Amino acid sequence: MILLWLVLVPFIGGLLCWQADRWGEKAPRWIALITMMLVLIMTLVLWLQGDYQLPAMNAGADSIRWAMEWKVPWIPRFGIDVHLALDGLSLVLIALTGFLGMLAVLCSWKEIDDRIGFFHLNLLFILGGVVGVFLAIDLFLFFFFWEMMLVPMYFLIALWGHSGSEGKTRIRAAIKFFIYTQASGLLMLVAILALVFAHHANTGEYSFSYADLLQTPLSENMAMVLMLGFFIAFAVKLPVVPLHGWLPDAHAQAPTAGSVDLAGILLKTAAYGMLRFALPLFPEASQTFAPIAMTLGLVGVFYGAVLACGQRDIKRLIAYTSISHMGFVLIGIYSGSELALQGVVVLMVAHAFSAAGLFIMSGQLFERLNTRDLQEMGGLWGRMGSLPGFSLCFVAASLGMPGTANFVGEFMVLFGTFPTAPVVVIIGACGMVFAAIYSLILMQRVYFGPSLNDQKFEGLDGREFTMLLGIFALVVLFGLYPQPLLDTTSAVMGEVQGLFQGSLPAGSVPMSSLAGGGQ
Amino acid sequence: MGVSMSYLPLTFLLPLLGTFILALSRGHMSERGSVWVGVSSVGLAALVTAFITIQFMSGDQSAQTLTLWTWISVGNFTPTIGLALDGLSITMLGIITGVGFLIHLFAAWYMRGEEGITRFFAYMNLFVFSMVLLVLGDNLMLLFLGWEGVGICSYLLIGYYYRDSANGAAAFKAFLITRIGDVFLAIGLFLIFAELGTLNIAAILEQAPAHWATGDSLVRWAALMFLGGALGKSAQLPLHTWLADAMAGPTPVSALIHAATMVTAGVYLIARMHGIFDLAPDVLHLVGVIGAATLLMAGFAALAQTDIKRILAYSTMSQIGYMFLALGVGAYDSAIFHLMTHAFFKALLFLSAGAVIVSCHHEQDMRKLGGLWRRLPLAYMGFIVGGAALSALPLVTAGFYSKDDILWQSLAADQKGLLLAGLVGALLTSLYTVRLIIGTFHGEMKSDHARNAEPGRGLQHGLPLILLAVLSTFIGAMIHPPLSGVLPASPGESTEAGHTALELIAAGTAIAGIALAAWLFLRKREALARLVSGGPGASLWTLWNQAWGFDLLFDRLLVRPFRILVFILRRDIIDALFGLVASITKGLNAGLTRTQTGRVRTYATSMVLGATVVLIFLAFGQ
Amino acid sequence: MNGIPMEHGLILAAILFAIGLAGLMFRRNMVFVLMSLEIMLNSAGLAFIVAGTAWEQPEGQAMFLLVITLAAAEASVGLALLIQLYQRFRTLDTDAVSGMRG
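In this text, all values refer to a predicted model and were calculated from it rather than measured experimentally.

**Overview of the overall build of chain A**
Okay, so step 1: Along the backbone of chain A there are 20 helices and two strands.
Okay, so step 2: Scaling as 2.2 N^0.38, a compact globule of 519 residues should have a C-alpha radius of gyration of about 24 Å, and chain A matches this with 22 Å.
Okay, so step 3: On the principal axes, the C-alpha backbone points of chain A span a range of 70 × 55 × 45 Å.
Okay, so step 4: Taking all 519 residues of chain A together, 68% fall into the buried category.
Okay, so step 5: Contacts spanning at least 24 positions in sequence make up 81% of the contacts within chain A whose residues lie at least 6 apart.
Okay, so step 6: Split by element, the accessible area of chain A, about 16,200 Å² in all, is 66% carbon and sulfur.
Okay, so step 7: Between the averaged position of the 24 positive side-chain charges in chain A and that of its 31 negative side-chain charges there is a distance of 10 Å.

Printed below as a string of structure tokens:
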């Protein structure tokens, strides 16, 4: 039942915020903040109480045991249930959603001063949709939540966004975002339906249930086509070059809270989707596809990095760095080693923090300078209180400095992938140099160099300082002690890896139990 | 023995604590407070180090480890936050905290009154933290943490005077080039882990000989990758171009990072991973060749510089070249010995240069200095002692013993080519050292800055110079790093044949170089000036002044193509392709809009036409 | 039954339909457009009657009733539009009121 509440709380909170508009402008903000805090606290309580370390994979795939499950029929005729389930992976990502949701509310405290209630309604609906995505294991319900995230995000960009450079309006960016993701969602729907019909043809029953569909035998070609349907849907969201076009525009034009949510959580739904659906549903096809996927990941690493170097708009720059980092995530997902898959989890969490930090930073810069153009900045060090120092920390995190969680994630991915695909890793490691280039360009252009004038700007207030310090503390914490995270997801990742290797699930037990027994 | 290990973490936690205090003060700390925190944290770390060293030396000197916690644990991937203490790491630790403390102390004098002194000491303390972790880490992951940490501190400190974009560019360059090396190192780590399944250094050294035969291609690759990492950090050919530009940072930074500690991390790495290099003799030989090439290249480049810090930078490259040469002939402990003496005398030289620079109102061009020996006696003393050690003046200097050792080892290993390069390098060293001292301290004063030089005063200024000067003499050479048992035996230990002869030759070379230089730069000044003012001499001068033109080469080969690529792609070509879909849709829209005339008659007509076509198809289609 | 063959009736219906269609396509005056529509409907009705008679089925006549109903409804809507058109634009020219830019 608590799972249902996890999903419902943001929606209820959103509606409350909307109505709270009439009680003054602080009311919706506080309600939204408390709502997200509630989600976070519920997740943390679940984390502390539950046991996510012990894998249950002794009897093959039909014995998937969730840490927690909740199920009521929805449309029984087609075998559609409201089926929510929780395991280590979804738990971590929901906790992340709660945390970043709080940040998103906090960072729009001053930025948004128009239709505040409606803004928070949209914000919380996105987060509610995301939580739903992480919990739903009925494919129909998953699709439902998947689409549900889009509409409020569209409004967020279209109504509260900034106009971009060179005549790119926020409406245009919002429409681009919507069309890209909607079209990809359509592909996924087709793939889901085809899978359900294939299941129907085999068993004579309609079912959208994850556990049922896992065992659907498919011909090789069919599996490949359906896998591609899922893959493309997730690839648009991740995003994988060449399907990334919506991201820079959406990021650049979205309000800070929107960017934080986009980079921090929405991109992660894609990686989650790949780990939860694309790989386990079609293990053989995924394995055949892995070299292509890893190549795409490499292309993303470098394409994103090179483009980041050429941007003038600071938020576009950060957006392209996200593309670059997600390239590593893609490589890790398709490497088929447990180490790399665990690295993917750490990298996702780390990137969520560092990208959120960077976007909050650019939002604060914008509030002070009223521009996002790098050429109008420079020499800002020493004129903004501790903002430059924090920027430095997040830039260091984004370039994968050891001691930050990004380093742990990136290196685990590379270490894990090396035995299977050394060439990919060697080329990918060169991405470190490119990461240094774009990160330092950011520092150099914004804070160093001659200053345009001597104007002093306001330093960080308590709210901003706490936010940034909190994020950075987490980045360092997970950089030096990622084990809680790893233990929580080790069972899930072991399972994915077992499926991917095509070996018996039992074959991966020693790996996971080793990981669990490591302390 | 167990007692010392529990204090070991203090050596890096104290500097880290200093960084925290300075960083969290958010700029509200007074200058005095910042200096106190910054200097005392490293001072305390040095005291702890001294305590540990005493305990270590009085014990059986065996390697000990201390695991703080398991960093990551997935499957067999279990790097720890673990420390290892042995003769090698204690030597490095002593250099880092000891010399580091003296430099911090000097920096308190050097940086007085500068804006952002809190930031300066925060970075410096962070650097010491990272460097200590680098040498204490018992596994390669932790070593890598320190390795990258010192890189970013170096970046921040080179670009410390951030308002000048040239400094920013220098910092950028330094970070980027060392990062290229880091990529190699990372690949080396991946390879080692994939092959041996561990990253623990002791375990690697133990398992490697069993896992690989000598000369196995994989172990050669691993050694090559480590070498790549070392080249970047230690500014050896071809990844050396950043070091000269790195002199843009404050001079204590150059002394600490770009002379005494960070740049020697490559030497430490190779010495630490000696087991891998011993399995790949041809790569080890390559190390020596690169060292020899660098020491010659940098020696010539140092001859043609006018900025006193750049001369010292090239001389650092050249001296590290000697260390690489020693590594290349398998004389690991000679390399570490030279690393230690070099840390003493090069720190002394840099700090003296810092004293000159501050006294002369931040003038560091030799052409505008001169005749300072009377005004700045302490700095002059520093330069004389440091310079003598650098050019290995026989018997009285520390540099003589360590450099002579390296030359002897290369002879013992029967590497005549490397030995010759070392001797030529020794001659060059004497030449540029004497040129530096004469140009700075003798002759007439060439600018108002020099004429108005104000000598430094105070303990913070004097104590580091005097202590380092003492260590640069033969007294420093009496410190013998406790390396036996940690590093394999050197080739020179089995034989003594020709040692005395070589010592005489080496001493002769140094003295001859000094005499030649004195004659050239004191007596033949005009002739030299004429030589470089035109003809082939001038082009040679320019070539050396530009350090053989590597910068230009890299600019043409890498930087420009990258810029062009960025420029071409900056509007996101792939996204533009997707824009085509939108354009086509728009075009269709424009075309079809024309058919919607709003005239009922046209619609009716088109309906009739459509119906007719459908009927015809139905009638005749089958 | 009696002397008129079915073909003649159908041809007449077709001719009527063609006349109506031509009127619809070529007249701009809304009154004539409506009249043309009536003619077309009636031609269709005629075709039903003829066919129903020829095959001696009652459905033809039933359909005609439906057609008449439809025509009546259509005429009332059409005439209402016509009045609105005239009141708003003071013209009965259907082309003149096109608001589209095509």
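**Section: the overall build of chain B**
Okay, so step 1: Counting its secondary structure elements, chain B contains 28 helices and two strands.
Okay, so step 2: For chain B, the C-alpha atoms occupy an extent of roughly 115 × 60 × 55 Å along the three principal directions.
Okay, so step 3: With 622 residues in all, chain B has 59% of them scored as buried.
Okay, so step 4: Within chain B, residue pairs in contact and separated by at least 24 positions form 82% of the contacts whose partners lie at least 6 positions apart.
Okay, so step 5: Entry remark: accessible area of chain B is about 23,500 Å², with carbon and sulfur atoms responsible for 68%.

**Quick notes on the arrangement of the chains**
Okay, so step 1: In this assembly, two pairs of chains are in contact, and the pair contributing the most contacts is chains A and B.
Okay, so step 2: When C-alpha atoms are compared, chain A and chain C, though not in contact, are closest at a spacing of 25 Å.

**Some details on the interface of chain C and chain B**
Okay, so step 1: Listed per partner, the contact involves ten residues of chain C and twelve residues of chain B.
Okay, so step 2: In total, about 940 Å² of surface goes out of reach between chain C and chain B, with carbon and sulfur atoms giving 61% of it.
Okay, so step 3: Where chain C meets chain B, there are zero residue pairs in polar contact (both at pLDDT 80 or more).
Okay, so step 4: Within the side of chain C that touches chain B, the residues separate by chemical class into five nonpolar, two polar and three charged.

**Some details on the interface of chain B and chain A**
Okay, so step 1: Chain B puts 49 residues into the contact, and the matching count from chain A is 68 residues.
Okay, so step 2: Contact between chain B and chain A buries roughly 5,000 Å² in total, counting both sides, with carbon and sulfur atoms accounting for 73%.
Okay, so step 3: Broken down residue by residue, the surface that chain B buries against chain A is led by Tyr162, Arg179 and Phe190 of chain B, which jointly contribute 13%.
Okay, so step 4: Summed over the shared surface of chain B and chain A, the number is one salt bridge.
Okay, so step 5: Summed over the shared surface of chain B and chain A, the result is 13 residue pairs in polar contact (both at pLDDT 80 or more).
Okay, so step 6: Taken together, the elements giving at least two residues each to the side of chain B that touches chain A come down to strand 1 (64–70), helix 5 (117–136), helix 6 (140–158), helix 7 (165–196), helix 26 (550–569) and helix 27 (573–593) of chain B.
Okay, so step 7: Per-element tally for the side of chain B that touches chain A: the top contributor is helix 7 of chain B, with 16 residues.
Okay, so step 8: In terms of residue class, the side of chain B that touches chain A is made up of 34 nonpolar, six polar and nine charged.

**Re the nonpolar core**
Okay, so step 1: Counting 432 residues, the largest nonpolar core has Phe230, Tyr334 and Leu365 of chain A together with Phe277 of chain B as its most contacted members.
Okay, so step 2: Contacts of Phe230 of chain A, omitting those with residues within four sequence positions, involve Leu139, Met188, Ala191, Ile192, Phe277, Ala278, Leu281 and Phe282 of chain A.

**Some points on the packing of aromatic side chains**
Okay, so step 1: Summed over the entire model, instances satisfying the criterion amount to 63 aromatic pairs over all chains.
Okay, so step 2: Ring geometry for Phe230 of chain A against Phe282 of chain A: centres 5.6 Å apart, planes inclined by 50 degrees, an arrangement best described as tilted. Here Phe230 of chain A is found in helix 9 (residues 220–237), whereas its partner Phe282 of chain A is found in the loop between helix 11 (256–281) and helix 12 (283–309), with 52 residues between them in sequence.
Okay, so step 3: Exposure remark for Phe282 of chain A: the relative accessible area of 1% places this residue in the buried category.
Okay, so step 4: By way of ring pairs, the aromatic residues Phe407, Phe411, Phe415 and Phe418 of chain A together with Trp71, Phe77, Phe144, Phe190 and Phe193 of chain B are connected into one cluster.
Okay, so step 5: If you follow Arg29 of chain A out to its NZ or CZ, it ends over the ring of Trp109 of chain A, 5.9 Å from the centre.

**Focus: the environment of Phe226 of chain B**
All names here are of chain B.
Okay, so step 1: If you trace the backbone, Phe226 turns up in helix 9 (residues 217–233).
Okay, so step 2: Since its relative accessible area comes to 0%, Phe226 is described here as buried.
Okay, so step 3: Sequence spacing of Phe226 and Gly266 is 40 residues, and the spatial spacing of their C-alpha atoms is 8.7 Å.
Okay, so step 4: Ignoring sequence-local partners within four residues, the contact set of Phe226 consists of Leu140, Leu185, Gly188, Leu189, Ile192, Leu269, Met273 and Phe277.

**Some remarks on helix 5 (residues 139–148) of chain A**
All names here are of chain A.
Okay, so step 1: Buried residues dominate helix 5, accounting for seven of its ten residues.
Okay, so step 2: Leu139, Leu141, Phe142, Phe143, Phe145, Trp146 and Glu147 are the residues of helix 5 that are buried.
Okay, so step 3: You can read the cap of helix 5 off the contacts: a side-chain oxygen lies 3.0 Å from the backbone nitrogen of Phe140, and it is on Asp138.

**Quick word on the pattern of salt bridges**
Okay, so step 1: Per the counting criterion, the structure on display carries 22 salt bridges over all chains.
Okay, so step 2: Between Arg29 of chain A and Glu25 of chain A there is a salt bridge; the shortest N-O distance is 3.9 Å.
Okay, so step 3: For Glu25 of chain A, a relative accessible area of 44% puts it in the partly exposed group.
Okay, so step 4: Because the salt bridges share partners, they merge into one network encompassing Lys176, Asp249 and Arg316 of chain A together with Asp575 of chain B.

**Observations regarding the environment of Val532 of chain B**
Residue and element names in this part refer to chain B.
Okay, so step 1: Within the element layout of this structure, Val532 appears in helix 24 (residues 525–533).
Okay, so step 2: With relative accessibility at 30%, the residue Val532 sits in the partly exposed group.
Okay, so step 3: Separated by 360 residues in sequence, Val532 and Phe172 place their C-alpha atoms 33 Å apart.

**Side note on the confidence of the model for chain A**
Okay, so step 1: Predicted confidence across chain A gives a mean pLDDT of 85, with 93% of residues reaching 70 or more.
Okay, so step 2: The model gives residues 503–519 of chain A a pLDDT under 50, and that stretch makes 27 contacts with residues more than four places away or in other chains.

**A look at a nonpolar patch on the surface**
Residue and element names in this part refer to chain B.
Okay, so step 1: A contiguous nonpolar surface patch, about 930 Å² in accessible area, is contributed by Ile564, Phe567, Ile568, Ile573, Leu577, Leu580, Ile584, Leu588 and Leu592.
Okay, so step 2: Of all elements in the fold, only helix 26 and helix 27 reach the threshold of two or more residues within the nonpolar patch.
Okay, so step 3: Structurally, the position occupied by Leu580 is in helix 27.

**Concerning the side chain of Arg372 of chain A**
Okay, so step 1: Position of Arg372 of chain A among the secondary structure elements: in the loop between helix 14 (338–369) and helix 15 (387–398).
Okay, so step 2: Here the side chain of Arg372 of chain A touches Asp313 of chain A through a polar contact of 2.9 Å, side chain to side chain.

**Some points on the packing of helix 10 (residues 246–253) of chain A against helix 11 of chain A**
All names here are of chain A.
Okay, so step 1: One can describe the packing of helix 10 onto helix 11 by two numbers: an axis separation of 8 Å at closest approach and a directional angle of 140 degrees. Taken together, the axis directions place helix 10 and helix 11 in an arrangement best described as oblique. Contact residues: helix 10 offers Trp246, Leu247, Ala250 and His251, while helix 11 offers Ser259, Leu262, Ala263 and Leu267.
Okay, so step 2: Grouping the constituent residues of the contact of helix 10 with helix 11 by class yields six nonpolar, two polar and no charged.

**Quick notes on unusual backbone geometry**
Okay, so step 1: Following Leu238 of chain A, the chain continues to Pro239 of chain A via a peptide bond in cis, the omega torsion being -10 degrees.
Okay, so step 2: Among the structural elements, Pro239 of chain A can be located in the loop between helix 9 and helix 10.
Okay, so step 3: The omega angle of the peptide bond from Leu237 of chain B to Pro238 of chain B is -5 degrees, so this bond is cis rather than trans.
Okay, so step 4: For Pro238 of chain B, the location among the structural elements is in the loop between helix 9 and helix 10 (242–245).
Okay, so step 5: Of note in this structure, Arg115 of chain A is not a glycine but carries a positive phi near 45 degrees.
Okay, so step 6: Taking relative accessible area as the criterion, Arg115 of chain A reaches 40% and is therefore assigned partly exposed.

**Things to note about the state of the cysteines**
Residues and elements named next belong to chain A.
Okay, so step 1: Under the defined criterion, the tally for this structure stands at zero disulfides over all chains.
Okay, so step 2: In this structure Cys430 is not part of a disulfide, and its nearest cysteine sulfur, from Cys309, lies 15 Å away.
Okay, so step 3: According to the relative accessible area criterion, Cys430 is partly exposed, its value standing at 31%.

Rules used throughout
- Residues numbered from 1 in each chain as written.
- Chains lettered and ligands numbered in written order.
- Predicted model: local features only at pLDDT ≥ 70, side-chain atom pairs only at ≥ 80, totals over all residues.
- Heavy atoms only, no water.
- Helix = DSSP H or I, 4+ residues; strand = E, 2+ residues; numbered from the N terminus.
- Rg over C-alpha atoms; globule rule 2.2 N^0.38 Å.
- Buried < 20%, exposed > 50% of the residue type's maximum accessible area, 1.4 Å probe, protein only.
- Contact = heavy atoms within 4.5 Å.
- Areas by Shrake-Rupley, 256 points an atom, 1.4 Å probe, with all protein chains shown as cover.
- Lys, Arg positive; Asp, Glu negative; His and termini not counted.
- Charge placed at Lys NZ, Arg CZ, Asp CG, Glu CD.
- Buried area = accessible area lost by both parts, 1.4 Å probe.
- Polar contact = N/O pair within 3.5 Å; in protein donor to acceptor, adjacent residues only side chain to side chain.
- Nonpolar A, V, L, I, M, F, W, Y, C, P; charged D, E, K, R; others polar.
- Salt bridge = Lys/Arg side-chain N within 4 Å of Asp/Glu carboxyl O.
- Core = buried A, V, L, I, M, F, W, Y, C linked by side-chain atoms within 4.5 Å.
- Phe/Tyr/Trp six-rings, centres within 6.5 Å; stacked < 30°, edge-to-face > 60°.
- Lys NZ or Arg CZ within 6 Å of the ring centre and 35° of its normal.
- pLDDT = per-residue confidence, 0-100.
- Patch = residues over 30% accessible without salt bridge, like charges linked within 9 Å, V, L, I, M, F, W, Y side chains within 5 Å.
- Axes fitted to C-alpha atoms, helices over the stretch in contact; angles between N-to-C directions.
- Parallel < 35°, antiparallel > 145°, perpendicular 65-115°, else oblique.
- Disulfide = S-S within 2.5 Å.

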